[in-house]
Amino acid sequence: HGVSLFRPHSRPICCLEWLNNHNMVSASYDGSVRRLNVEKGVFEEIFATYDDSDTTYLGDVGYGLDQGYSYWTQFVTTDHRYKGTSNPCLFVSTSFGEVFHLDLRVA
């Protein structure tokens, strides 16, 4: 019927952006960024914020960035210097007015 429904996040999605012809990223108020492989129809978490109360995520890129209940991922956009690559760089903004650069080429 031409419609596919995905629920990759646990909170509202605030941003979608194409990385290239095969991948899209979504940012959500749940603090995560996920990449959709359009051909496979599968989302993969590529970034998430975590507070430092749980050391399970100690080695993950977003560990220690979560600042509590009112903190969330606000927006994500491609660093156009690397657009089209399979592992691009992204700029991510938060509800606390922060912006950080996420380099997926090294993740």
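Since this is a predicted model, take the numbers as computed values, not measurements.

Enquirer: What exactly am I supposed to notice about the overall build of the chain here?
Expert: Regarding its fold elements, the chain presents zero helices and seven strands. Burial analysis of the chain (107 residues in total) assigns 36% to the buried set. Considering only contacts within the chain whose residues lie at least 6 apart along the sequence, 28% involve residues at least 24 apart. By element, 51% of the accessible surface of the chain is carried by carbon and sulfur atoms, the whole surface being about 6600 Å².

Enquirer: What should I look at first to understand the pattern of salt bridges in this one?
Expert: Two side chains with opposite charge may pair up if their charged atoms get near one another. A full pass over the atoms with the stated rule returns three salt bridges. With a shortest N-O distance of 3.2 Å, Arg-34 and Glu-45 are connected by a salt bridge. Taken together, the residues span a long stretch of sequence, with Arg-34 in strand β3 (residues 32-37) and Glu-45 in strand β4 (residues 42-48) at a distance of eleven residues.

Enquirer: Would you explain the pairing of strand β2 (residues 23-28) in this entry?
Expert: Both faces of the sheet carry side chains from a regular strand, because those side chains alternate between them. Of all six residues making up β2, six are buried, and the element is well covered by its neighbours. On β2, burial covers both faces: Asn-23, Val-25 and Ala-27 on one face and Met-24, Ser-26 and Ser-28 on the other are all buried. In this sheet, β2 lies alongside strand β1 (residues 13-18) in antiparallel orientation, the contact comprising five bridges. Residue pairing for β2: Leu-16 is matched across the bridge by Ser-26. Where β1 folds back onto β2 in an antiparallel hairpin, the turn is made up of four residues. In terms of strand pairing, β2 meets β3 through five bridges, oriented antiparallel.

Enquirer: I tried to follow the sheet that holds β4 on my own but got confused; where do I start?
Expert: The antiparallel open sheet is built from four strands, whose spatial order is β1-β2-β3-β4. Two strands in the sheet have a free side with no partner beyond their single neighbour: β1 and β4. Across the sheet, the mean angle from the axis of one strand to that of its neighbour is 25°, orientation sign disregarded.

Enquirer: What should I look at first to understand the sheet that holds strand β7 (residues 99-103) in this one?
Expert: Note: strands within a sheet are paired through backbone hydrogen bonds, in either parallel or antiparallel orientation. Taken together, the three strands give an open sheet; going across it, the order is β5-β6-β7, and neighbouring strands pair in antiparallel fashion. Of all strands in the sheet, those bounded by a partner on one side alone are β5 (73-78) and β7. On average, adjacent strands in this sheet sit at an angle of 25° to one another, irrespective of strand direction. Bridge count between strand β6 (residues 89-94) and β7: five bridges; the pairing is antiparallel. By the bridge assignment, Cys-89 is partnered in β7 with Asp-103.

Rules used in this analysis
- Once a new chain begins, its residue numbering starts again from 1 and follows that chain's sequence as written.
- Whole-chain, interface and lining totals are the exception, using all residues; otherwise, since this is a predicted model, local features are given only for residues with pLDDT of at least 70 and side-chain atom pairs are given and counted only at 80 or more.
- Each side-chain value is derived from all of the structure's non-hydrogen atoms; neither hydrogens nor water enter the calculation.
- Runs of H or I in DSSP of at least four residues are treated as helices and runs of E of at least two as strands, each being numbered from the N terminus.
- Relative accessibility thresholds used throughout: buried, under 20% of the residue-type maximum; exposed, over 50%; partly exposed, between the two (1.4 Å probe, protein chains only).
- Whether two residues are in contact is decided by their heavy atoms: any pair within 4.5 Å suffices.
- Note on areas: Shrake-Rupley, 1.4 Å probe, and residue coverage restricted to the protein chains presented here.
- Salt bridges are counted wherever a side-chain nitrogen of Lys or Arg sits within 4 Å of a carboxyl oxygen of Asp or Glu.
- Whether two strands pair comes down to DSSP finding at least two bridges between them.
- Working convention: axes come from line fits to C-alpha atoms, limited for helices to the stretch in contact. Angles between N-to-C directions cover 0 to 180 degrees.

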